[in-house]
Each structure stands twice: as C-alpha cells, then as structure tokens.
Amino acid sequence: MDDALVRAGRALRLALLVVLALLFLVPFYLLVRNGLSSEQDITSPEWTLFPGELRWGNVRELFDDPSVPFARSLLNSALIAIATTLGTLFLASLAGYGLARIPYRHANKVFYGILGTLLVPAAVTFVPSFVLVSSLGWISTLRGLIVPTLFSAFACFVFRQYFVGFPRELEDAAQVDGLGYWRTYWLVVVPNARPVFAAVGTIVFLGAWNSFLWPLVIGQDRSAWTVQVALSSFTTSQVIRLHELFVAAVVSVLPLLLVFLCFQRWIVAGVERSGID
C-alpha cells in the first residue's frame, strides 16, 4: 500500500512538472509559430497549431530588410552586453572585495552610501546622465551606451556579501606567500568565486541585452540601434510587420538561451551560494 502511494505521488509530481513545462514553453511556441507564418496566418480568426506552409524565407527577409539593420543591431547588442558584463563584473567585484577585506574606517559608510543609491529611481538620474553623455559627444556611440551603465550598486552589494563569507584561510596563505591585495584578489579570490561571477554576470548580461529606454534615447542613428530598438521598429503608427517582429524575437532570444546553457551549472551554484568548488 505504501509503495503504491509513493508511486502515485511520483506520478502526480511528474505530471504536474510536465504541465508546468508545457505552459512555460507556450510563449516560445507562439514565437516560432508566428515567426514562420504569413501575416494572414497570424491574424486569421481560425487558429491552427502550425500554418499550412512554414515560411523559412521570413528569416532571410528579416536580415534583408533595408529599413531595419537587424544584423547590425544584433552586433551592437552583443558588444554592449559583453562589454557591460565584463566591466561591471570587474568594477563591482573590486569594489565588493575592497569593502569586505581592505581595512578602512569609513568602509561601512561607503557601503551604506552605495546601498542608498538603490533607493533612487532610475528616472531621477536619467536626464542628468543624458545631459552628461550629450556634453561629451557620445550620442549614437557605443561609449554612450556602455560607459554610464558599467557600475552596478546591486552587483557591488552581492559581491561584498559574498566576499564577507569568503574563507580567510586562503587569503592568509596567499599573504604568507607574499601576495598583496591585488594579486590575492586576482589569483586566489576570482578563480574560487566563479559561481557568483556567473550568477551576477548572467543578470547583468540579461539586463544589458533587454535594455530599451537608454539605447532608444542614446542610439539615435540607425547604426547604433540595439536589438530591442530594432524590434520596436516593426510596429509603428505607419506599419505593422508581425511576421518579422516574431521571427526577430526568436533570433534575439537565442543568445540568451546560449548564455544560460553555457553557464547553467555555475549560475545555480552561485544562486545557492554553495561556496568554493
């Protein structure tokens, strides 16, 4: 009787997980289905699981569209996301390590000041940031899109909290070997903090890739468009191209899936704060 209840419970959990997985995949199915359909199939009142004809030419049409430089937008988003992620990880981890380990009587005040910036709405700093970028002549440049977003108070907070619990024995051994703070950070701390680097890096990469308002304002030339700005151009007051919008959404999601698949193990370890691997 007990074995039957255990098997029934497992079967119920498995069925529930399958249902939840299918519900999670519905948006992706809609993206693929509509991306390979014609405008008539997308707007037709008669719904079909898949259109009668899969229009693979929609992908070629997307990249050949002269009004939307989608390939350039993909490249811009990739450069911005990678540069922002690497820069944020470097600066925030240095700041977090310094606040956690380097003796300084005002370290806590500086830390609380950084936390205080998290309470300031982004809309408050948006206009001053735009004025500064404009005065530097960085409109429609990668510098204007990347540099103002390099430091993240949230990332600094996460790194500082992680390094507070980092085993001091490893750092003491490095100092016995004659390493200073910089070499200890670079040779000992960073290699043993890969999970938190992967977790924070993924969050920063997703935020940079999905950013819309700042690239929309700064990237005024089409050559400086990002993926999100390019996606918005498919639905305007003058024209609506749904099939290109959906296939472009599919293409724009693929890099995010690739990043997650590559760093999945470290991301989970970082979220769980499993310590050193």
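As shown above, the structure is provided for reference.
> Help me understand the overall build of the protein chain, please; the structure alone is not making it clear to me.
From N to C terminus, the protein chain includes 14 helices and zero strands. Reading the secondary structure of the protein chain in the N-to-C direction produces α-α-α-α-α-α-α-α-α-α-α-α-α-α. Over its C-alpha trace the protein chain gives a radius of gyration of 24 Å, far above what one expects of a compact globule, namely 19 Å for 277 residues. For the protein chain, the spread of C-alpha atoms along the principal axes amounts to about 75 × 70 × 35 Å. The buried share among the 277 residues of the protein chain stands at 38%. Residue pairs in contact within the protein chain that sit at least 24 positions apart in sequence constitute 73% of those at least 6 positions apart. Entry remark: accessible area of the protein chain is about 16300 Å², with carbon and sulfur atoms responsible for 69%.

> Looking at this structure, how should I read the environment of A78?
Counting through the fold element by element, A78 comes out in helix α4 (residues 70–101). A relative accessible area of 24% means that A78 is categorised as partly exposed. With 80 residues separating them in the primary sequence, A78 and V158 have C-alpha atoms 24 Å apart.

> Looking at this structure, how should I read the packing of helix α8 (residues 153–164) against helix α11 (residues 194–210)?
In a pair of packed helices, the angle between the axes and the distance between the axes together describe the arrangement. At a minimum axis distance of 11 Å, the contact between α8 and α11 shows a crossing angle of 170°. Taken as axis vectors, α8 and α11 run roughly antiparallel relative to one another. Across the interface between the two elements, F154, A155, V158, F159 and Y162 of α8 pack against V196, F197, V200 and I203 of α11. Each residue belonging to the contact of α8 with α11 can be placed in one class, and the counts come to nine nonpolar, no polar and no charged.

> Explanation requested: the packing of α4 against helix α10 (residues 181–189) in the structure shown.
It is at 12 Å that the axes of α4 and α10 come closest, and there the two elements cross at 115°. Seen along the crossing, α4 lies across α10 with a hand that is right-handed. Contact residues: F90, S93, L94, Y97 and R101 in α4; Y181, W182, T184, Y185 and V189 in α10. In the contact of α4 with α10, the residues fall into seven nonpolar, two polar and one charged.

> Help me understand unusual backbone geometry, please; the structure alone is not making it clear to me.
Glycine aside, a negative phi is what most residues show, and trans is what most peptide bonds show. A positive phi angle, near 60°, is found at S140, a position not held by glycine. As for its position among the elements, S140 is in the loop between α6 (122–135) and α7 (142–146).

Definitions and cut-offs
- Along each chain, residue indices are assigned from 1 in the same order as the chain's sequence is written.
- Thresholds applied to this predicted model are a pLDDT of at least 70 for local features of residues and 80 or more for the giving and counting of side-chain atom pairs; totals over whole chains, interfaces and linings are not thresholded and use all residues.
- To get the side-chain values, take all heavy atoms of the structure and skip hydrogens and water.
- Here a helix means four or more residues in a row that DSSP labels H or I, a strand means two or more in a row labelled E, and each is numbered from the N terminus.
- Restricting the calculation to C-alpha atoms gives the radius of gyration, and the globule rule supplies 2.2 Å times the number of residues raised to the power 0.38.
- Only protein chains enter the calculation, and the probe is 1.4 Å; a residue is then buried if its accessible area is under 20% of its type maximum, exposed if over 50%, and partly exposed in between.
- Every residue pair with non-hydrogen atoms within 4.5 Å of one another is taken to be in contact.
- All accessible-area figures derive from a Shrake-Rupley calculation using a 1.4 Å probe, and residue coverage is judged against the displayed protein chains alone.
- Only C-alpha atoms enter the line fits that serve as axes; for helices the fit covers just the stretch in contact. Angles between N-to-C directions range over 0 to 180 degrees.
- Working definition: roughly parallel below 35 degrees, roughly antiparallel above 145 degrees, roughly perpendicular at 65 to 115 degrees, and oblique for all remaining angles.
- All residues other than Ala, Val, Leu, Ile, Met, Phe, Trp, Tyr, Cys, Pro, Asp, Glu, Lys and Arg, Gly among them, are scored as polar; the first ten of these are nonpolar and the last four charged.
- Two helices that cross are described as forming a left-handed crossing if the nearer one is turned anticlockwise from the farther one by less than a right angle, and a right-handed crossing if clockwise.

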